[in-house]
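Geometric and topological summary
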Amino acid sequence: PPSLLRLPPSLRTSSSSPPTSTDRIRSLSSLLSSPPPLDMSGVRFLAVALSALAAVLAAIPLLAFVVAGWSIAVQPRMAVKWMQKKFPNVLFFKPTQDLAVALTIDDGPHEDITPELLDILKENDCHATWFIIGSNMDACPEIVSRIHTEGHEVGNHTMYDVASWQLSQEEFVDQLLAADSRLSKYYFKDGEGGPIKWFRPGHGFFTKKMLETVEVYQYRTALGSLFPLDTLFTNQGRNIARYLLWRIHPGAVLILHDRVPQKKQTAKVLRSLLPELKRKGYSIVSLSELLKLNRT
């Protein structure tokens, strides 16, 4: 364009005559050999913005992992309330202002573990719901009889210590009914004389089909609102008790375990936890007793 071919001041002649072709070529060569400096501020801003966006996108999986881990560890009340509302047939907690919590103990019985736990409960005048694994019961049925005799409740935790959601439908029903046949004479009775039957899925996860199946056999599913991840540890009894005392709330459902790796730990938890809960005015009861409380 003509504007590009205007002579710079250094190449202009004093004459007022129009530039010649040679002058235009010289002007173009001068511009090409010494181009004006580019403004890099916009380029730098764009580079910084793209780097920041890339950093945010890279951090999303880590943030999701942190949030999920925090939710599992802390189990915020809001999340538990949402779960209770979304799955009304599953018991997570009991909305109440009464100072009472339900204690549940999974995976027993064991001949060298359960008796000590029962002794501690008796010393503190507390009751619990024990979710029994059928194959463990076969090794020491007399302990389940003692659980029942001492006023505790039993629930169905299937026949083997496996993740219930990984079982085929046929295998799940077989395990549920095999454990049911062993526990049926120990179930509490409701006001009409029918059995009160609690189910907790192995490893704590359920599916819609699983809930529908257990309801056919008159079971209600129970999970909980306070799970201290005790199965991840073997010698943290006092710290687990501190955690539960920090997170305790009326109507909570506590989850602990009667397992070989936690043999000493669970006893330490109960020895620290139960007297302190009693001192705070709490009653420690079974699931069925918790449901009898007034609703807020």
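Residues numbered from 1 in each chain as written. Predicted model: local features only at pLDDT ≥ 70, side-chain atom pairs only at ≥ 80, totals over all residues. Heavy atoms only, no water.

1. Thoughts on the environment of Thr-129
This is how it is decided: What counts as a helix is a DSSP run of H or I of at least four residues, what counts as a strand is a run of E of at least two, and both are numbered from the N terminus. Two residues qualify as a contact provided that any one of their heavy atoms is within 4.5 Å of a heavy atom in the partner residue.
Within the fold, Thr-129 resides in strand β3 (residues 129-132). Sequence-wise, Thr-129 and Val-154 are 25 residues apart; in three dimensions their C-alpha atoms are separated by 5.4 Å. With near-sequence residues (within four places) excluded, Thr-129 lies in contact with Leu-103, Thr-104, Ile-105, Glu-153, Val-154, Gly-155, Ser-286 and Leu-287.

2. Comments concerning unusual backbone geometry
Residues apart from glycine generally show negative phi values, whereas peptide bonds are mostly found in trans. Basically, it comes down to this: Three labels apply to residues, based on accessible area from a 1.4 Å probe with only protein chains included: buried if under 20% of the type maximum, exposed if over 50%, partly exposed otherwise in between.
Residue Gly-108 is joined to Pro-109 through a cis peptide bond whose omega torsion reads 0°. Looking at the secondary structure, you find Pro-109 in the loop between β2 (100-108) and α4 (114-123). We note that Asp-107 has phi near 85°; this positive angle belongs to a residue other than glycine. For Asp-107, the location among the structural elements is in strand β2. Under the relative-accessibility criterion, Asp-107 is labelled buried at 5%. You will see that Gln-218, though not glycine, has its phi angle at about 70°, which is positive.

3. Some remarks on the environment of Asp-258
Which entries qualify depends on this criterion: Here a polar contact is recorded for every N or O atom pair within 3.5 Å, except that within protein the pair must consist of a potential hydrogen donor and a potential acceptor, and residues adjacent in sequence are included only if both atoms are side-chain atoms.
Along the chain, Asp-258 turns up in the loop between β8 (253-257) and α10 (263-279). It is 7.3 Å that separates the C-alpha atoms of Asp-258 and His-110, two residues lying 148 residues apart in sequence. In this structure Asp-258 touches Ile-105, Asp-106, Asp-107, Gly-108, Pro-109, His-110, Ile-113, Thr-114, Leu-117 and Trp-130, once residues within four positions along its chain are discounted. Within the structure, the side chain of Asp-258 is placed 2.5 Å from the side chain of Thr-114, a separation counted as a polar contact.

4. Brief notes about the side chain of His-249
Relative to the assigned elements, His-249 resides in the loop between α9 (237-247) and β8. His-249 gets classed as buried once you look at its relative accessible area, which sits at 4%. A polar contact of 3.3 Å, which involves the side chain of His-249, links it to the side chain of Ser-225. The residues touching His-249, leaving out its near neighbours within four places in the chain, are Arg-77, Phe-93, Ala-100, Val-101, Ser-225 and Tyr-282.

5. Focus on the pattern of salt bridges
Rules: In the sections that follow, a salt bridge refers to a side-chain nitrogen of Lys or Arg positioned within 4 Å of a carboxyl oxygen of Asp or Glu.
Inspection of every chain in the model, using the stated rule, returns 10 salt bridges. Across the salt bridge formed by Arg-259 and Asp-107, the nearest N and O atoms sit 3.5 Å from each other. With Arg-259 in the loop between β8 and α10 and Asp-107 in strand β2, this pair connects stretches of sequence that are 152 residues apart. Look at Arg-259 and you get partly exposed, because its relative accessible area is 21%.

6. What to know about the packing of α9 against α10
Here is the rule: Here the axes come from fitting lines to C-alpha atoms, over the contacting stretch only for helices, and the angles between their N-to-C directions go from 0 to 180 degrees. In a left-handed crossing the near helix is turned counterclockwise from the far helix by less than a right angle, and in a right-handed crossing that turn is clockwise.
Packing of α9 against α10 leaves a shortest axis separation of 7 Å and a crossing angle of 40°. Relative to α10, the crossing made by α9 is right-handed. Seen from α9, the contacting residues are Gly-237, Arg-238, Ile-240, Ala-241, Leu-244 and Leu-245; seen from α10, they are Gln-265, Lys-268, Val-269, Ser-272, Leu-273, Glu-276 and Leu-277.

7. Concerning the packing of aromatic side chains
Note the threshold: Aromatic rings from Phe, Tyr and Trp, taking only the six-membered ring of Trp, are treated as a pair when their centres fall within 6.5 Å; an angle between ring planes under 30 degrees marks them as stacked, one over 60 as edge-to-face, and anything in between as tilted. Any Lys NZ or Arg CZ that is within 6 Å of a ring centre and within 35 degrees of that ring's normal is treated as a charge sitting over the ring.
Counted under the stated rule, the structure contains four aromatic pairs. Centroid distance Phe-87 to Phe-206: 5.1 Å. Interplanar angle 85°. Geometry classified as edge-to-face. Here Phe-206 lies in the loop between β6 (195-199) and α8 (208-216) and Phe-87 lies in the loop between α3 (77-86) and β1 (90-91), a separation of 119 residues in the sequence. Looking at Arg-247, its charged tip hangs above the ring of Trp-246, at a distance of 5.6 Å from the centre.

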